[in-house]
Amino acid sequence: MSSDGSLKAFYLSRERNTAEERYMTNSPTAAFLSTAIESSGLTQREIAGRAGLPKPNVLSMMKRGETKVPIERIPALAEACDCDPQEFLRIAMTEYHPEAWGVLNVVFDPKLSDRDLGILRMLNMADPRGEITWKKQDSEIMIALFSYILGWMRYVGEVPKE
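**Student:** Can you walk me through the pattern of salt bridges in this structure?
**Tutor:** Any two side chains of opposite charge can pair, given that their charged atoms come close. Under the counting rule described, the total for this entry stands at three salt bridges. A salt bridge links Glu87 to Arg90; the shortest N-O distance between them is 2.7 Å. With Glu87 and Arg90 both in helix α6 (residues 85-96), this residue pair falls three residues apart, about one helical turn. Asp116 is the salt-bridge partner of Arg115, the closest N and O atoms lying 3.2 Å from each other.

In structure tokens, the structure reads:
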């Protein structure tokens, strides 16, 4: 190959790399959105429509980190992409508004009792890999199970009767 051919290939690859770098982002929120869109199996047009965005190209700008994902759009985007809205919001708030997110976490931190923590520990022992996905029927079964256990504990005298 001539030196002109290899020089041309070098410049072409540099142009391609520059174009690819332009679309890479350091934004965790943009990366989350990009992954969610790819995993959804839907087109950007479909997601934009479901999320109430006026044009699909806005999603492209968000994916590249050229524009921030509006916080108020996260629930609709999460639903359209079938991803976790809490995780999406946590990532966006940590990136865009870390101070406000820190305050919200302190103020709204759920205070769990020792009993609550014990139940969560039991769940983690029963399902260490987090394979259980809860449905409404599962919740009803768990409530019935705990009611039964409470009744048994009252019967044997471990819990005072009402």
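**Student:** What exactly am I supposed to notice about the confidence of the model for the protein here?
**Tutor:** Atom-level detail of predicted coordinates should not be read off regions where pLDDT is low. Across the protein, the average pLDDT comes to 83, with 84% of residues at 70 or higher. For residues 16-22, every residue scores under 50 in pLDDT, and the model assigns this stretch zero contacts once sequence neighbours within four places are set aside.

**Student:** What am I meant to see in the nonpolar core here?
**Tutor:** Among soluble globular proteins, nonpolar side chains are generally buried collectively. Ranked by size, the top nonpolar core spans 21 residues in total, and within it Leu59, Val69, Leu77 and Phe88 carry the most contacts. Broken down by secondary-structure element, the contributors of at least two residues to this core are α2 (28-40), α3 (44-51), α4 (57-63), α5 (74-81) and α6. No other element matches α5, which puts five residues into this core.

**Student:** Help me understand the packing of α3 against α5 in this model?
**Tutor:** As a packed pair, α3 and α5 sit with axes 8 Å apart at the nearest point and diverge in direction by 135 degrees. Taken together, the axes of α3 and α5 lie oblique to each other. As α3 packs across α5, the resulting crossing turns out to be right-handed. Counted together, Ile47, Arg50 and Ala51 of α3 and Ala76, Leu77, Ala80 and Cys81 of α5 form the full contact between these two elements. Class assignment for the residues of the contact of α3 with α5 results in six nonpolar, no polar and one charged.

Conventions and cut-offs
- Position numbers for residues count from 1 along each chain, tracking the sequence in the order it is written.
- pLDDT decides what is reported in this predicted model: residues at 70 or higher carry local features, side-chain atom pairs at 80 or more are listed and counted, and totals for whole chains, interfaces and linings draw on all residues regardless.
- Side-chain descriptors were evaluated using all non-hydrogen atoms of the structure, hydrogens and water having been removed beforehand.
- The term salt bridge refers to a side-chain nitrogen of Lys or Arg lying within 4 Å of a carboxyl oxygen of Asp or Glu.
- Think of it this way: any DSSP run of H or I at least four residues long counts as a helix, any run of E at least two long counts as a strand, and we number them from the N terminus.
- Each residue carries a pLDDT score, the predictor's confidence in it, ranging from 0 to 100.
- We call two residues in contact whenever any of their non-hydrogen atoms come within 4.5 Å of each other.
- Throughout this description, the term nonpolar core refers to a set of buried Ala, Val, Leu, Ile, Met, Phe, Trp, Tyr and Cys residues connected via side-chain atoms within 4.5 Å.
- In this scheme, a residue with accessible area under 20% of its type's maximum is buried, one over 50% is exposed, and one in between is partly exposed, where area comes from a 1.4 Å probe on protein chains only.
- Simply put, an axis is a line fit to the C-alpha atoms, just over the touching stretch for a helix, and the angle between two N-to-C directions goes from 0 to 180 degrees.
- Every angle not falling under 35 degrees, over 145, or within 65 to 115 is termed oblique; those three ranges are roughly parallel, roughly antiparallel and roughly perpendicular.
- Crossing handedness: left-handed means the near helix sits turned counterclockwise from the far one by under a right angle, and right-handed means the same turn made clockwise.
- Under the scheme applied here, ten amino acids are nonpolar (Ala, Val, Leu, Ile, Met, Phe, Trp, Tyr, Cys and Pro), four are charged (Asp, Glu, Lys and Arg), and all others, including Gly, are polar.

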